[in-house]
Amino acid sequence: MTVYESDLPGVGKKHEIDLDDGSRLVVVTHNTGKREVFRRASEDADSEKLFELSDQLARQVGTILEGAYFQPVRTGNIETLLGGNTVLEWVDVAADSPLAGATLGETNVRQETGATILAVQRGEETIVNPGGETVVEAGDTLLAVGPREACRSFASFVRDE
Amino acid sequence: MAADLLALGELFAVVAVAGAVGLRLGLSVIPLYVLGGTVAGEFVLGRVGLPYVSSGEAITLLAELGIVLLLFFLGLEFSLDRLLAARSRITRAGLLDLGVNFPVGVGIGLALGWSAVEALLLGGIVYVSSSAIVTKSLIDLGWIANPEAEPILGTLVFEDLFMAAYLAFVSSLVLGGESVEATLGNVAVAFAFLGALFLLVQFGTGLFQGALDVSSPEAFVLRVLGVTVPVAGAALALGVSEAVAAFFVGMGFASTEHRERIERQLTSVRDVFGAVFFFWIGLSTDPLQVVGAVVPLALAVALTTPTKLVSGYYSGRTYDLSPQRSVRVGVGLVARGEFSLVIAALAAGGTGAVMRETIPALAVGYVLAMSVLGTLLMTQSDRIETLVLRRGAGSADSS
């Protein structure tokens, strides 16, 4: 998935991403923080402005789009790129996972995989920045951060692959 | 003191009204500020016998600050890395723009029997497009999200860079006076001062970074001014273009981490003094003199509009844009504005009637005309595209 980035001197930055229907989404981020979102139906067409958002609103909408408020049915890997090679990864803990019932300290996740666990989601509850003595239960969702390879080995580690 | 304060108050009142009008009608405020100054000044209100705003020392000084801040912000946006990254395309488009438009202005000046320096001034005035007006129109029309935005903005970046060199050179000529030695001496001093400043900017990023490492917004703003204004003032005292000095200071801060913060916290300051500058230009303009200069004015408008269209079209083609979008690049660059007025202000400080009166009056008329024409052409761009392309297709068929 290619994101085209270009500088708009005096204005800000422009990012373009191809949508599935062949059109292109163009996001202009102004230096002032305002975001303008356009859609360009085809190469020759003009960009049509869809809407604009203030800085605060843009972050909020972005968070919703990102899936932080609601994670739809999992269709496989959900990968969120933080920049460079750093990824956020959500992994479910199944009943037969080596982590189920153990504390984070016992499983030594960081040493084993290189990924760091940021949070443990349990139903409605979220334990942020869990310590070594936090017990992981079956049915939890673990949020890990780290280099892509580390997160992949973390996912395999949890699923006992 | 009281008279000065009142004059300043009238200035801000007029500028506020002009801004409101611009907002209402969706027009760029720059020409409105200039018009406001002309109307409120001695040549319009004064002639009718009504109390007018006189251009005193106070307003002139604040206008000077406006020039400094306008150019400072330009330098802030200017990134040598960005220029180098896209250098071949920007250079090609920029040189096209320069090579087509600048000589036409110089030619008009020489044809009118002006001196070389006066012709050079006119060349600069008609060559440089208004970054402020063009960028605003790009955003208003949504073109900012289209491919044609890149060559347009790229050309503006090239023009900025050329303007820095041009202003440095021409201001030495203008302020230099009559004798060749004095002028050469001035040019030497200018390049020495600016050269040293440029080296400082390129290699002293740490200094610029450290100077602004403070969290208090008040201290931050004061420090930015505390660096920019003294440098500009020192430049002016040495007979060097204070505008270029401010540009380089802006460049110095551009590569620090403070760039966005400077933009956020100082934009209002720049806008206030920028408005004073445009008003002040209008104040010094006699509409009768503009009318008196109508022949060169009409000539300039008639000749330098198609030149921008042509240079813009071929610039678009060097960016691999379709003919349709390339026409847009030309249309987008027609508007002239703040930079031409800065050159006019420079000319007003020169010698001889042409420099001091004709050129500034011409420049104001020219900017008013071209800002309107430029924005108009952009909104009518669809018609122009069909017109140009149909004719182009017609001539291709017949050949």
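Residues numbered from 1 in each chain as written. Chains lettered and ligands numbered in written order. Predicted model: local features only at pLDDT ≥ 70, side-chain atom pairs only at ≥ 80, totals over all residues. Heavy atoms only, no water.

Points about the overall build of chain A
This is how it is decided: The way it works is that DSSP assigns letters per residue, a run of H or I at least four long becomes a helix, a run of E at least two long becomes a strand, and they are numbered from the N terminus. What the globule rule says is 2.2 Å times the number of residues to the power 0.38, and the radius of gyration is computed from C-alpha atoms. Relative accessibility decides the category of a residue: with a 1.4 Å probe and only protein chains considered, values under 20% of the type maximum give buried, values over 50% give exposed, and everything between is partly exposed.
Of the regular secondary structure elements, chain A holds four helices and 10 strands. Listing each helix as α and each strand as β along chain A from the N terminus yields β-β-β-β-β-α-β-β-α-α-β-β-β-α. Compactness check: chain A gives a C-alpha radius of gyration of 20 Å against a globular reference of 15 Å for 161 residues, more than 25% above the reference. Within chain A, buried positions represent 35% of all 161 residues.

Overview of the interface of chain A and chain B
Buried accessible area, meaning the area lost when the parts come together, often serves as the stated size of an interface. Where we set the bar: Two residues qualify as a contact provided that any one of their heavy atoms is within 4.5 Å of a heavy atom in the partner residue. Buried surface area refers to the total accessible area, computed with a probe of radius 1.4 Å, that the two partners give up upon joining, counted for both partners together. In the sections that follow, a salt bridge refers to a side-chain nitrogen of Lys or Arg positioned within 4 Å of a carboxyl oxygen of Asp or Glu. Two N or O atoms count as a polar contact when they lie within 3.5 Å, although within protein this holds only if one can serve as hydrogen donor and the other as acceptor, and sequence-adjacent residues are included solely when both atoms are side-chain atoms. In the scheme used here, Gly and all other residues not listed as nonpolar or charged are polar, with Ala, Val, Leu, Ile, Met, Phe, Trp, Tyr, Cys and Pro taken as nonpolar and Asp, Glu, Lys and Arg as charged.
With 19 residues of chain A at the contact, the number on the chain B side is 15 residues. Summed over both sides, the interface of chain A with chain B buries roughly 1,500 Å², with 53% coming from carbon and sulfur. In this structure, the connection of chain A to chain B is made through two salt bridges. Across the pair D46 of chain A and R325 of chain B runs a salt bridge whose closest N-O atoms are separated by 3.5 Å. Linking chain A with chain B are 10 residue pairs in polar contact (both at pLDDT 80 or more). Residue assignment for the side of chain A that touches chain B shows that the elements contributing at least two residues are β1 (3-8), β3 (24-30) and β4 (35-40) of chain A. Classifying every residue of the side of chain A that touches chain B gives seven nonpolar, five polar and seven charged.

Here we look at the sheet that holds strand β5 (residues 47-53) of chain A
The pairing of strands in a sheet comes from backbone hydrogen bonds and takes either a parallel or an antiparallel form. Residue and element names in this part refer to chain A. To keep things clear, this is the line we draw: We call two strands paired when DSSP finds no fewer than two bridges between them. Axis definition: a line fitted to C-alpha atoms, limited for helices to the stretch in contact. Angles are taken between N-to-C directions and run from 0 to 180 degrees.
Read from one edge to the other, the open sheet built from five strands follows the order β1-β2-β3-β4-β5, with strand pairing classed as antiparallel. Single-partner strands in this sheet number two, and they are β1 and β5. The average angle at which neighbouring strand axes cross in this sheet is 20 degrees, direction not considered. Bridging between β3 and β4 involves six bridges; their strand directions are antiparallel. Following the sheet pairing, L25 is matched in β4 by R39. Strand contacts of helix α1 (residues 55-66): β4 and β5, with the helix running at about 100 degrees to β5, the strand carrying the most contacts.

With respect to the domain arrangement of chain A
The following threshold applies: Domain delimitation in this document rests on an assignment produced automatically or drawn from a domain database.
As assigned here, chain A comprises domain 1 (3-66) and domain 2 (77-159). Taking only C-alpha atoms into account, the centre of domain 1 of chain A sits 33 Å from that of domain 2 of chain A.

Quick word on the environment of L118 of chain A
Residues and elements named next belong to chain A. Tracing the sequence through the fold places L118 in strand β8 (residues 116-122). Sequence spacing of L118 and L57 is 61 residues, and the spatial spacing of their C-alpha atoms is 25 Å. Beyond its immediate chain neighbours, meaning those up to four positions away, L118 contacts L88, I127, V128, N129, P130, L143, A144 and V145.

Side note on the pattern of salt bridges
This model, assessed by the stated rule, comprises 26 salt bridges over all chains. E148 of chain B is the salt-bridge partner of R325 of chain B, the closest N and O atoms lying 2.9 Å from each other. With R325 of chain B in helix α17 (residues 323-332) and E148 of chain B in the loop between α8 (131-141) and α9 (149-176), this pair connects stretches of sequence that are 177 residues apart. Taken as a pair, R325 of chain B and E148 of chain B share a single burial class, namely buried. Connected through shared salt-bridge partners, K14, E16, D18, R24, R40 and E43 of chain A make up one network.

A closer look at helix α4 (residues 148-159) of chain A
Note on helix geometry: an α-helix contains 3.6 residues per turn, so any two residues three or four positions apart are oriented the same way. Residues and elements named next belong to chain A. As a reminder of what qualifies: Every helix has an expected span of 1.5 Å times one less than the residues it contains. In this description, one arc is meant: the one made by directions from the helix axis to the C-beta atoms.
If you check α4, its first and last C-alpha atoms are 17 Å apart, about what 12 residues at 1.5 Å a residue would give, namely 16 Å. All buried positions along α4 are accounted for by A150, C151, F154, A155 and V158. Buried residues of α4, viewed axially, fall in a sector of 140 degrees; they line one side. Elements in contact with the buried residues of α4: β7 (86-92), α3 (109-113), β8 and β10 (141-147).

A look at unusual backbone geometry
The phi angle at N129 of chain A is positive, at roughly 55 degrees, despite the residue not being glycine. Secondary-structure assignment places N129 of chain A in the loop between β9 (125-128) and β10.

Quick look at the packing of helix α1 (residues 2-25) of chain B against helix α14 (residues 259-283) of chain B
The description of two packed helices rests on the angle between their axes and on the distance between the axes. All names here are of chain B. Put simply, the test is: The cut-offs work like this: below 35 degrees is roughly parallel, past 145 is roughly antiparallel, 65 to 115 is roughly perpendicular, and the gaps in between are oblique.
Contact geometry of α1 with α14 gives a least axis separation of 10 Å together with a crossing angle of 95 degrees. The orientation of α1 with respect to α14, classified from their angle, is roughly perpendicular. Contacts between α1 and α14 involve L11, F12, V14 and V15 on the former and, on the latter, V272, A275, V276 and F279. Its residues assigned to classes, the contact of α1 with α14 comprises eight nonpolar, no polar and no charged.

What to know about the environment of P217 of chain B
Residues and elements named next belong to chain B. Mapped onto the fold, P217 is located in helix α12 (residues 217-237). What makes P217 partly exposed here is its relative accessible area of 46%. In contact with P217, other than residues within four places in its own chain, are R261 and Q265.

Section: the packing of helix α6 (residues 87-111) of chain B against helix α7 (residues 116-127) of chain B
Residue and element names in this part refer to chain B. The cut-off we apply is this: By the definition used in this description, the sense in which the near helix is turned from the far one sets the handedness, with an anticlockwise turn below a right angle giving left-handed and a clockwise turn giving right-handed.
Contact pair α6 / α7: the axes reach a minimum separation of 7 Å and the direction vectors enclose 135 degrees. What the angle tells us is that α6 and α7 run oblique. When you trace α6 past α7, the crossing you get is right-handed. Here α6 contributes D97, L98, N101, F102, G105, V106, I108, G109 and L110 to the contact with α7, which in turn contributes A119, L120, L122, G123, G124, V126 and Y127. Residue classes in the contact of α6 with α7 are distributed as 10 nonpolar, five polar and one charged.

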